[in-house]
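# Coordinate inspection notes
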Amino acid sequence: MKIDINEIINSAAGEIAAATLQTLPELKLKYLGKDGEITKILKTLKILKPDERKELGQKANEAKKIIEQALENKEKELSQKAIQEKTASQKVDISPIFYFPVNSGHFHIITKTIEDISQIFISLGFKIAKGPEIETDWYNFQALNHPEDHPARDVQDTFYLQGSKDLLRTHTSPVQVHVMQNQKPPVRVIVPGRVFRNEASDASHSSTFHQIEGLFVNQNVTFVDLKSTLASFVKKFFGQNISLRFRPSFFPFTEPSAEVDVQCFFCGGKGCGVCKQSGWIEILGCGMVHPNVFKAVEYDSENYTGFAFGMGVERIAMLKYGIDDIRLFYENDLRFLRQF
Ligand code: PHE
């Protein structure tokens, strides 16, 4: 029997080259399987003479390796190609999803301004406190040292609840009283909240608006603490280069009292329509807590002092963002809201 191993290798190489992933296993059987061409040769070895056996054995084993390698390479090649074809055919074009503008919502500019202001005071060690929007006369006025005949109590300014002495708070200051009743000094809080005044609305007045109150009570709190706290707030909120000034003022619940003006950033202090030619814009009221307020909450005014301040959120947002009509905040015109 004359066996041409090279011929087997050649025919295997030709068939493997033309194979597919489906036919490859058949070829493996055909050449290397139990009854495969190469296996058959190896099985005949034992009937050969020793020198023939050695020669043919070597050749057959080489052929086996060559065919094995060829099968393996082909399988790698074919399966890689299959993966490529599969991924190419399964590609999904997701770009149309992004053709439509994504309308994500965002916070209202008032919420954002409250958040920005609060963050600055939180960084200075203040905690946030909240209080009721419906108040008694005592919390809103009496405990805050308003004399019985104070004009703010007038029905002109205050919304009273029908058939009751209760009212919608006209400022966030009554929350000072709640906080001090519930807690001993040291007290360091800010109070964001809605307030209500019985006023006709125009470009700078609204019957509902927002304030942020501040209160700091401890031993040895002085006007210097008030000034440095508010100065650092103004610089952080409006910018390092903005100057501010404290102007003497009056509030029943603080003594001494002041109002803080910031240099007009529309004209840089030269004088313009916004600052009514004064170069300054008022942004908040403040002062040292009046001893009568401490008396109302049973704090010892010999031992403790404190400062308080209150600012209008809308007013501050209007100044910061150059908004000229307070009513814009409540109309919910998306063309306005989307700007912030
Ligand atoms: N409650 C005052 C107002 O509404 C502001 C203020 C708060 C003033 C705290 C001094 C201290 O105008």
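In this text, all values refer to a predicted model and were calculated from it rather than measured experimentally. (Residues numbered from 1 in each chain as written. Predicted model: local features only at pLDDT ≥ 70, side-chain atom pairs only at ≥ 80, totals over all residues. Heavy atoms only, no water.)

### As for the overall build of the protein
Secondary structure assignment for the protein yields 12 helices and 9 strands. Whereas a compact globule of 340 residues would reach a radius of gyration of roughly 20 Å, the protein reaches 43 Å, over 25% beyond that. With the principal axes as the frame, the protein shows a C-alpha extent of 130 × 50 × 45 Å. Among the 340 residues that make up the protein, the fraction classed as buried is 39%. Pairs at least 24 residues apart make up 65% of the contacts formed inside the protein by residues separated by at least 6 positions. Roughly 20,000 Å² of accessible area belongs to the protein as shown, and the carbon and sulfur atoms make up 53% of that amount. Placing the 41 positive and 42 negative side-chain charges of the protein at their respective mean positions leaves the two points 10 Å apart. (Helix = DSSP H or I, 4+ residues; strand = E, 2+ residues; numbered from the N terminus. Rg over C-alpha atoms; globule rule 2.2 N^0.38 Å. Buried < 20%, exposed > 50% of the residue type's maximum accessible area, 1.4 Å probe, protein only. Contact = heavy atoms within 4.5 Å. Areas by Shrake-Rupley, 256 points an atom, 1.4 Å probe, with all protein chains shown as cover. Lys, Arg positive; Asp, Glu negative; His and termini not counted. Charge placed at Lys NZ, Arg CZ, Asp CG, Glu CD.)

### Regarding the domain arrangement of the protein
Each assigned domain of the protein is listed here: domain 1 (5-89) and domain 2 (109-337). For domain 1 and domain 2, the distance between their C-alpha centroids amounts to 90 Å. (Domains from an automatic or database assignment.)

### Topic: the environment of Leu230
Position of Leu230 among the secondary structure elements: in helix H8 (residues 223-238). Since its relative accessible area comes to 0%, Leu230 is described here as buried. A C-alpha to C-alpha distance of 90 Å links Leu230 and Lys64, two positions 166 residues apart in sequence. Dropping the residues within four chain positions of it, Leu230 is found in contact with Phe121, Leu244, Phe246, Val260, Leu284, Cys286 and Phe309.

### Digging into the site of the ligand
The ligand sits among 14 residues. The nearest are His171, Ser173, Arg197, Gln211 and Glu213. Arg197 places a side-chain nitrogen or oxygen 3.0 Å from an oxygen atom of the ligand. Per-element tally for the shell around the ligand: the top contributor is strand E9 (residues 305-312), with 3 residues. Considered class by class, the residues forming the shell around the ligand number 5 nonpolar, 7 polar and 2 charged. (Near = heavy atom within 4 Å. Polar contact = N/O pair within 3.5 Å; in protein donor to acceptor, adjacent residues only side chain to side chain. Nonpolar A, V, L, I, M, F, W, Y, C, P; charged D, E, K, R; others polar.)

### A look at the pattern of salt bridges
It is possible for side chains of opposite charge to pair when their charged atoms get near one another. The full count for this structure, using the stated rule, is 10 salt bridges. The salt bridge involving Arg327 is made with Asp325; its shortest N-O contact spans 2.9 Å. Between Arg335 and Asp333 there is a salt bridge, with its nearest N and O atoms 2.7 Å apart. For Arg335, a relative accessible area of 67% translates into the label exposed. With relative accessibility at 27%, the residue Asp333 sits in the partly exposed group. A network of salt bridges, in which partner residues are shared, links Arg245, Arg247, Glu259 and Asp261. (Salt bridge = Lys/Arg side-chain N within 4 Å of Asp/Glu carboxyl O.)

### Structural notes on the side chain of Glu314
Checked against the element boundaries, Glu314 lands in helix H10 (residues 313-321). Although Glu314 lies buried, it forms no salt bridge, and the closest oppositely charged side chain, Arg194, sits 8.8 Å away as judged by the N-O distance. A distance of 2.7 Å separates polar atoms of two side chains, one belonging to Glu314 and the other to His210. At a separation of 2.7 Å, a polar atom in the side chain of Glu314 contacts the side chain of Tyr330. When residues no more than four places from it in sequence are discounted, the contact partners of Glu314 are Ile110, Phe209, His210, Ile326, Phe329 and Tyr330.

### So, H10
Taken together, the buried positions of H10 are Val313, Glu314, Ile316, Ala317, Met318 and Leu319. On the buried face of H10, the contacting elements are helix H5 (109-123), strand E5 (208-218), H8, strand E8 (280-289), E9 and helix H11 (328-331). Immediately beyond the C-terminal end of H10, within one or two residues, lies Gly322, with a positive phi of roughly 65°.

### Remarks on the environment of Asp261
Positionally, Asp261 belongs in strand E7 (residues 254-263). Its relative accessible area of 2% is what places Asp261 among the buried residues. Expressed as a C-alpha distance, the spacing of Asp261 and Ile283, which sit 22 residues apart in the sequence, is 5.7 Å. Apart from the residues lying within four places of it in its own chain, the contact partners of Asp261 are Ser243, Leu244, Arg245, Arg247, Trp280, Ile281 and Glu282. Among the polar contacts listed, one links the side chain of Asp261 to the side chain of Arg245, at a separation of 2.9 Å.

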